[in-house]
Protein chains: 2
Amino acid sequence: MKKEPPQKYASKIFKKHNHNACFNDSMKAFQKHCVQKNLKLTPLRSKVFEFLLRDHQPLGAYQILDMLRDSGFASTPPIAYRVLDFLIEQGFAHKIKRLNAFVACSHPGSTHSPTFMICRKCDKVAEIDEKDSGIDLKKATSFDFKVEEAVIEFIGLCTSCVTVEAT
Amino acid sequence: MKKEPPQKYASKIFKKHNHNACFNDSMKAFQKHCVQKNLKLTPLRSKVFEFLLRDHQPLGAYQILDMLRDSGFASTPPIAYRVLDFLIEQGFAHKIKRLNAFVACSHPGSTHSPTFMICRKCDKVAEIDEKDSGIDLKKATSFDFKVEEAVIEFIGLCTSCVTVEAT
DNA sequence: AGATGTATGTTATATTATAACAAGGAGATA
DNA sequence: TATCTCCTTGTTATAATATAACATACATCT
C-alpha cells in the first residue's frame, strides 16, 4: 500500500466533510463554552449560530434578519448585530470584510487572527490555519510598527469553480 | 565611520521624509501615466489625488466630497466614488477596508496586492512591500484554492503611538 | 417581592455606496 | 462647420450596511 503524499488543504469547507458531525461538534463546543464562561446561550444566539453553521455560507446581517423573521424572532438591525458581536467576541464567528458578511469560526476556542480564502465565484469561504497561510506575523512586526491584529483575506477560486472555469 | 546595521522599515509614511519631493514625484508619475495611457488628467481627478497625497492620511469618500465642495467642485457621492475608482484602477490609490477609506498608493506603476499597516491610534496607514510583509503568496495558493488577490491589513501601533502608550 | 444585571425589543438615524439617467465638452470626421 | 462619438461630469434617487439611544422583559440573587 502506497503512502499518501503530503498535501496542503485550504480547509474542509471546500471539500466534502461529515457536515452533521461538524455542525453538532460546533454547537456542542459553543454550548460548553457558554456554560464554562457563565454566558447565556439564549434561543436567539443559538439560532443565529445555527444559521452560520448551516452550510458554511457567509451571511450578511440583513440576510440573518430575514431568517430570524421567518423563525419568529424580532428582526430589526440591532438584534442581528448584537448577536453577531457576541459570537465574534466569544470567538465563534468572524466577519469577512470583503463580503460584509459573517461566518462561523472553523476552529473556535482560542482567539486568533483568522485567514480566509474567499471564492469570488461561489462566495464560499474557508478559514485556514495561520501556519498554512504563508504568513508569518512575527516577521510582519517590524522596527516601525507593532502588529496586534491582522485582516487577511485571499480572493480567488475554489477547486470546484476552477474546474468549471477551465471548461 | 561605523556601518549602519540593516533595518526593516514599514515604510516612509511612519517616518520623516521629504514630503515636498514625495508629493511632486507622485503627481508627476500620475501625469506621466495619464499621458502614456492617453487618459485625461482632469482638474477633478488631479484634485482628488492631491487630497490623498496631502499628508498620507486615509480619507473617506464623504470627507473627500466635503473637500471637493470647499474647492468649488460638485460634491454628490458618485463624483467622489468615480474618481476613486479611476485612481484605484490606474494603480494610484487603494482602498483600506478596515477604515472604509482611501489612500494614495506608495509605489504606483505596477499592479500589486498591497499590504497595509494601520495604526489604530492615529489611523495613519503605511503601505509596505510584499517582500517585507512576512507573506508568501505562492505559499498561500494551495491544492484547494487558487489565490488571485489578497487583502492584507495589519492593525497595531506605529512607532510614535507605541511611544506615547508606553508613557 | 424587590434589586440588579443582562438580553431583547424599538425607533430613529448615521454611514457607506451604487443605479440610472442627463448634460457638457473634446476630438474625429464627413 | 456641423454632427457624431466617446468620455467625463452632474443630478436625483435609493440601496446596503451599521450604530445610537432608550424602553421593556426576564432571570437570578437576596
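Everything below is about the structure printed above this text.
Residues numbered from 1 in each chain as written. Chains lettered and ligands numbered in written order. Predicted model: local features only at pLDDT ≥ 70, side-chain atom pairs only at ≥ 80, totals over all residues. Heavy atoms only, no water.

Peer 1: Which parts of the structure should I look at to understand the protein's contact with DNA strand C?
Peer 2: Around DNA strand C there are 14 residues in total, and A:Thr42, A:Thr76, A:Arg82, B:Tyr62 and B:Lys95 lie nearest to it. When the atoms of DNA strand C within 4 Å of the protein are sorted by group, sugar and phosphate make up 49%. At 3.0 Å from a phosphate oxygen of DNA strand C is found a side-chain nitrogen or oxygen belonging to A:Arg45. Side-chain polar atom of A:Arg82 to a base nitrogen of DNA strand C: 2.5 Å apart, as the coordinates give it. Secondary structure elements with two or more residues in the surface near DNA strand C: helix H2 (43-55) and helix H4 (77-89) of chain A together with helix H4 (77-89) of chain B. A breakdown of the residues in the surface near DNA strand C according to their chemical character gives eight nonpolar, three polar and three charged. (Near = heavy atom within 4 Å. Polar contact = N/O pair within 3.5 Å; in protein donor to acceptor, adjacent residues only side chain to side chain. Helix = DSSP H or I, 4+ residues; strand = E, 2+ residues; numbered from the N terminus. Nonpolar A, V, L, I, M, F, W, Y, C, P; charged D, E, K, R; others polar.)

Peer 1: Honestly, the packing of helix H1 (residues 19-36) of chain A against H2(A) in this entry has me stumped. Any pointers?
Peer 2: In a packed pair of helices, the relevant descriptors are the angle between the two axes and the axis-to-axis distance. Residue and element names in this part refer to chain A. Orientation of H1 relative to H2, taken along the N-to-C sense of each, is 150 degrees, at an axis distance of 10 Å. What the angle tells us is that H1 and H2 run roughly antiparallel. For H1 against H2, the interelement crossing comes out right-handed. Residues His19, Phe23, Ser26, Met27 and Phe30 of H1 pack against Arg45, Ser46, Phe49, Glu50, Leu53, Arg54 and Asp55 of H2. Residue composition of the contact of H1 with H2, by class: five nonpolar, three polar and four charged. (Axes fitted to C-alpha atoms, helices over the stretch in contact; angles between N-to-C directions. Parallel < 35°, antiparallel > 145°, perpendicular 65-115°, else oblique. Left-handed = near helix turned anticlockwise from the far one by under 90°. Contact = heavy atoms within 4.5 Å.)

Peer 1: Explain the sheet that holds strand E3 (residues 115-119) of chain B here, please?
Peer 2: In a beta sheet, neighbouring strands are held together by backbone hydrogen bonds and run either parallel or antiparallel to one another. In space, the six strands of this open sheet follow the order E4(A)-E3(A)-E5(A)-E5(B)-E3(B)-E4(B), with mixed pairing throughout. Of all strands in the sheet, those with a lone pairing partner are strand E4 (125-128) of chain A together with strand E4 (125-128) of chain B, marking the two edges. Strand-to-strand, the axes of this sheet are offset by a mean angle of 20 degrees, without reference to chain direction. Pairing between strand E3 (residues 115-119) of chain A and E4(A): four bridges, direction antiparallel. Looking at E4(A), one finds that A:Thr115 is bridged to A:Ile128. Against the sheet, helix H6 (residues 159-166) of chain A engages E3 and strand E5 (145-158) of chain A together with strand E5 (145-158) of chain B, with an angle of about 40 degrees to E5(A). (Pairing = 2+ DSSP bridges.)

Peer 1: What is the right way to look at the pattern of salt bridges in this model?
Peer 2: In a structure, side chains of opposite charge can pair up when their charged atoms sit close to one another. Evaluation of the coordinates by the stated rule reveals 10 salt bridges over all chains. A salt bridge links A:Arg69 to A:Asp66, with the shortest nitrogen-to-oxygen separation between them at 2.9 Å. One end of the pair is A:Arg69 and the other is A:Asp66, both in helix H3 (residues 61-70) and three residues apart, which spans about a single turn. Classification of A:Asp66 as partly exposed rests on a relative accessible area of 40%. Note that B:Glu50 is salt-bridged to B:Lys47, the shortest N-O span being 3.7 Å. Of this pair, B:Glu50 and B:Lys47 are both found in helix H2 (residues 43-55), three residues apart, which corresponds to roughly one turn of the helix. (Salt bridge = Lys/Arg side-chain N within 4 Å of Asp/Glu carboxyl O. Buried < 20%, exposed > 50% of the residue type's maximum accessible area, 1.4 Å probe, protein only.)

Peer 1: Would you mind going over the protein's contact with DNA strand D with me for this structure?
Peer 2: By nearness alone, 14 residues border DNA strand D, and A:Tyr62, A:Lys95, B:Thr42, B:Thr76 and B:Arg82 come closest of all. Of all atoms in DNA strand D that approach within 4 Å of the protein, 50% are sugar or phosphate atoms. Residue B:Arg45 places a side-chain N or O atom 3.1 Å away from a phosphate oxygen belonging to DNA strand D. Of all elements in the fold, only H4 of chain A together with H2 and H4 of chain B reach the threshold of two or more residues within the surface near DNA strand D. For the surface near DNA strand D, the per-class residue count stands at eight nonpolar, three polar and three charged.

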